[in-house]
Amino acid sequence: MAMKTNRKWNVLIIALIAVFLFGMIFPFFWIFITSFKPSGEIFGNGAFRVFAHHPTWENYTQIFQKGILTSVKNSFIVATTTTVYIILIATFTAYAISRFDFKGKNLLLGLILAVSMFPQMIVTGPIYNLFLHLHLTNSYAIVLPYSTITLPTAVWILVTHFNQIPLALEESAKIDGATPVQTLFRIVFPLAAPGVFTTAIITFIAAWNEFLLTITLNSDANYHTVPVAISFLRTQFEILWGQVAAATTVVTVPTLIIVLLFQKQIVSGLTTGGVKE
């Protein structure tokens, strides 16, 4: 009787997982197949047909002619630069918060978390006025205000990971004659590598998908990132959904490849900090 009950629960759990996965994967699948449909099949009689009756590469041809690769390049430059400088700042900041005892430590962590909760629209106006005054609009300087959306999360994740590294390891290295810098780079940072790697991936994806700051600060199409470029795939009277689907497919590939290649490191980084010893 117990075995039958367990079997029913297993079937139910598998069914729920299957429904959940279907709900996650289906939108991406539908966008992919839509990218091969001509405009006449996206709407009208062919709207609910899974595969295109007359598949075409025209949507992809059009987006490449409109310079989607330039937008991909811009996104890669912005996301990579943001990731590098955010990781550098967040790593040292998180280490200092984790290792040093000072008054207001918890308050500081609370303030960092509070910053991440600010609606992005609130800071966009002041940032735009500052960039306009400093003549930084329409440039790659957009990476600077990206810290408002990526740095708080990065610090919080890394503080958790540094807290899991035993302080005794640093004390042993100090007894063995290692300098603070040697201890930091040869012992602490290698042990925190999974957390740093996970934070870098999360930061990269957040910067890659950012929209509001880029469209506000960079009106020049030569500096548009992919989310902004996709928003301009329209005419005066309609949105070019076939091209939008094709562009979405193209720009999703880099992040998808990164996640698939480094999924073990990402899972390791996310789970390591959650274990309390």
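Everything below is about the structure printed above this text.
Residues numbered from 1 in each chain as written. Predicted model: local features only at pLDDT ≥ 70, side-chain atom pairs only at ≥ 80, totals over all residues. Heavy atoms only, no water.

Q: What is the right way to read the environment of V259 from this model?
A: Following the sequence through the fold, V259 ends up in helix α13 (residues 241-261). Overall, the relative accessible area of 32% leaves V259 in the partly exposed class. Spatially, the C-alpha atoms of V259 and I201 are 8.0 Å apart, while their sequence positions differ by 58 residues. (Helix = DSSP H or I, 4+ residues; strand = E, 2+ residues; numbered from the N terminus. Buried < 20%, exposed > 50% of the residue type's maximum accessible area, 1.4 Å probe, protein only.)

Q: What exactly am I supposed to notice about the packing of aromatic side chains here?
A: Aromatic ring pairs are described here by two measures, namely the spacing of the ring centres and the angle between the planes. This model, assessed by the stated rule, comprises 14 aromatic pairs. Ring centres 5.6 Å apart and planes at 80° place the aromatic pair Y95 and F162 in the edge-to-face group. Taken as a pair, Y95 in helix α4 (residues 68-99) and F162 in helix α7 (residues 147-163) lie far apart in primary sequence, 67 residues in all. Overall, F162 belongs to the buried group, its relative accessible area being 0%. The rings of F92, Y95, F100, F162, F185 and F189 are connected pair by pair, giving a single aromatic cluster. (Phe/Tyr/Trp six-rings, centres within 6.5 Å; stacked < 30°, edge-to-face > 60°.)

Q: So what exactly am I meant to see when it comes to the pattern of salt bridges here?
A: Oppositely charged side chains can form a pair if their charged atoms are brought close together. In this structure the tally under the stated criterion is two salt bridges. With a shortest N-O distance of 2.4 Å, E170 and R99 are connected by a salt bridge. With a gap of 71 residues between them, E170 in helix α8 (residues 167-175) and R99 in helix α4 connect regions that are remote in the sequence. The exposure class of E170 is buried, given its relative accessible area of 11%. Notably, a salt bridge pairs D101 with K105, separated by 3.8 Å at the nearest N-O pair. (Salt bridge = Lys/Arg side-chain N within 4 Å of Asp/Glu carboxyl O.)

Q: How should I be thinking about the nonpolar core in this particular structure?
A: Where a protein is soluble and globular, its nonpolar side chains tend to be buried together. Residues I63, I142, F162, V188, W208 and V251 are the most contacted members of the largest nonpolar core, which totals 45 residues. Dropping the residues within four chain positions of it, V188 is found in contact with Y95, F162, I165, E170 and T183. (Core = buried A, V, L, I, M, F, W, Y, C linked by side-chain atoms within 4.5 Å. Contact = heavy atoms within 4.5 Å.)

Q: Which parts of the structure should I look at to understand the side chain of R99?
A: The exposure class of R99 is buried, given its relative accessible area of 17%. A distance of 3.4 Å separates the side chain of R99 from the side chain of S98, its partner in a polar contact. Apart from residues no more than four positions distant in its own chain, R99 is found in contact with F162, I165, P166, L167 and E170. (Polar contact = N/O pair within 3.5 Å; in protein donor to acceptor, adjacent residues only side chain to side chain.)

Q: What is the right way to read the environment of A245 from this model?
A: One can find A245 in helix α13. Residue A245 is classed as buried on the basis of its relative accessible area of 5%. In the structure, A245 is positioned 211 residues away from T34 in sequence and 6.2 Å away in space, judged by C-alpha atoms. Ignoring sequence-local partners within four residues, the contact set of A245 consists of I31, T34 and S35.

Q: When you look at helix α3 (residues 58-65) in this model, what are you seeing that I'm missing?
A: For an α-helix, the turn length of 3.6 residues means that residues three or four places apart are oriented alike. Those residues of α3 that sit buried are N59, Y60 and I63. Mapping the buried residues of α3 onto a view down its axis gives an arc of 95°, with all of them on the same face. Positioned one or two residues after α3, G67 has a phi angle of 85°, which is positive. (Arc of directions from axis to C-beta.)

Q: I tried to follow the packing of helix α5 (residues 105-117) against α7 on my own but got confused; where do I start?
A: Close contact between α5 and α7 brings their axes to 8 Å; oriented N to C, the two are set at 140°. When the interaxial angle is binned, α5 and α7 end up oblique. The handedness of the crossing between α5 and α7 is left-handed. The residues of α7 that touch α5, namely those facing L109, I112, L113, V115 and S116, are T148, P152, V155, W156 and V159. (Axes fitted to C-alpha atoms, helices over the stretch in contact; angles between N-to-C directions. Parallel < 35°, antiparallel > 145°, perpendicular 65-115°, else oblique. Left-handed = near helix turned anticlockwise from the far one by under 90°.)

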